[in-house]
Amino acid sequence: MAAKMRAILSKPGSGRASEVFSLATVPIPALQSPYDVLVKLKGVALNPVDTKVRKTNDRPDRILGYDGAGIVEQAGEKALFEKGDEVMYAGAVARNGTNAQYSVVDSRIVGRKPRGWSWADAAGLPLVGLTAWEMLEDHFGLRPFEKQKKEHTLLIINGAGGVGSMATQLAARVFNIKNVVVTASRKETIEWAKKNGATHVINHREDLAPQLEKLSLKPTLAFICHDTSQYLPRIVPIMRAWGHIGSIVSATEPLQFDSRPAFTKALSFHWEYMFAKSAEEDCDVESQGKILNHLADAAEKESVTSLTTIKEVLSLQSLEKGHETLESGKAIGKIVFEVDDTIEEN
């Protein structure tokens, strides 16, 4: 008889979390490849992608959740970790996720848990860390842990969200960018951006150009973490020539990047989707494990600090509440959960 675990399942549908989530006892997942590890989860985290996948889910009894941290219980013959190792990861879209007591993941996209970090705080690091790191290094061509050859000004749209917050920390403290300009409008988000290392904060509700002119800054890099269709046309005119613009927010309509200013400035545009490496063939999958280990090093040196603003014990009720908070559009940083020896209704 297969060993069992408690998990929160999502049924197909576009309803509220309370309408599609249910608590169940299901078999502990089995390894599917020689690279796989089975992880006993101790911490999990929530991301906007969780709410989006919930609304578009077409698979019955799907376990959502991507970020996880825990202890390796079983390892495949080619796995990069072994039983007893403490790890963290962001998973893959094709597999069941981390809203459960156990999860199976390809060890090549797994990194070690930072020493001294709680399980829940560590679980809040992988997805946002990988997304921000890949944009800065893979797309923008920056080198971590060293002085940049060119003096950059990076503009981050939506500095209060998880990815924007992590991108601010990495840009200022790991990639050593001189000017890190972050958008925020509320007192608490302005303070949050500064805490994470922003050198300047401007208001996204106002015209960006005069605010940057007042600071005598012209972005060489721009990182969009909210509404690409709205912000791309606003960013192109304020960019320096040969600049790079990247976004993590997909668009439902054609982007206005074929404008004359984008062409005459020789600007580049980049999509970042951290799940691409695990979903597509011929990608450097192991690079994600290496990035996570770099993030663990940075966390232990306090170059990267926890983004946790809400911490709960994982239950059906706390997960539903977390989804509602994210969907309100006012969440700051990361929502994380500790995973107990069982998962209850509340």
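Residues numbered from 1 in each chain as written. Predicted model: local features only at pLDDT ≥ 70, side-chain atom pairs only at ≥ 80, totals over all residues. Heavy atoms only, no water.

(A) Molecular detail of the pairing of strand β15 (residues 334-338). When you tally the buried positions in β15, you get four out of five residues, the bulk of the element. Pairing of strand β3 (residues 36-46) with β15 involves four bridges; the strand directions are antiparallel. The partner of Ala45 across the bridge, within β15, is Val336. Direction of pairing for strand β14 (residues 308-313) relative to β15: parallel, over a ladder of five bridges. Each residue of the ladder has a partner; that of Lys311, found in β15, is Val336. Crossover β14 to β15 through helix α12 (residues 316-327) is right-handed. (Buried < 20%, exposed > 50% of the residue type's maximum accessible area, 1.4 Å probe, protein only. Helix = DSSP H or I, 4+ residues; strand = E, 2+ residues; numbered from the N terminus. Pairing = 2+ DSSP bridges. Right-handed = clockwise from strand over helix to strand, strands pointing away.)

(B) A look at the UniProt feature "domain: Enoyl reductase (ER)" (unreviewed entry) in the protein chain. Taking the UniProt record as the reference, the feature "domain: Enoyl reductase (ER)" (unreviewed entry) is found at residues 15-337. Between the end C-alpha atoms of residues 15-337 the distance is 23 Å, and the span holds 32% helix and 23% strand. (UniProt positions renumbered as here; feature names shortened; annotations may be inferred.)

(C) The domain arrangement of the protein chain, seen in detail. For the protein chain, the assigned domains are domain 1 (4-127 + 276-338) and domain 2 (128-271). Placing a centre on the C-alpha atoms of domain 1 and another on those of domain 2 gives a separation of 27 Å. Listed per partner, the contact involves 23 residues of domain 1 and 22 residues of domain 2. Here domain 1 and domain 2 share an interface that buries about 1,900 Å² over both sides, 65% of which is from carbon and sulfur atoms. Summed over the shared surface of domain 1 and domain 2, the number is two salt bridges. (Domains from an automatic or database assignment. Contact = heavy atoms within 4.5 Å. Buried area = accessible area lost by both parts, 1.4 Å probe. Salt bridge = Lys/Arg side-chain N within 4 Å of Asp/Glu carboxyl O.)

(D) Molecular detail of the nonpolar core. In this structure, Leu154, Leu170, Ile177 and Phe223 are the most contacted members of the largest nonpolar core, which totals 79 residues. Each of domain 1 (4-127 + 276-338) and domain 2 (128-271) gives at least three residues to this core. Residues in contact with Leu170, not counting those within four places in the same chain, are Gly129, Ala132, Trp133, Leu136, Phe175, Asn176, Leu295 and Val304. In this structure, Leu155, Ile157, Val181 and Ile245 belong to the second largest nonpolar core, which totals 19 residues. (Core = buried A, V, L, I, M, F, W, Y, C linked by side-chain atoms within 4.5 Å.)

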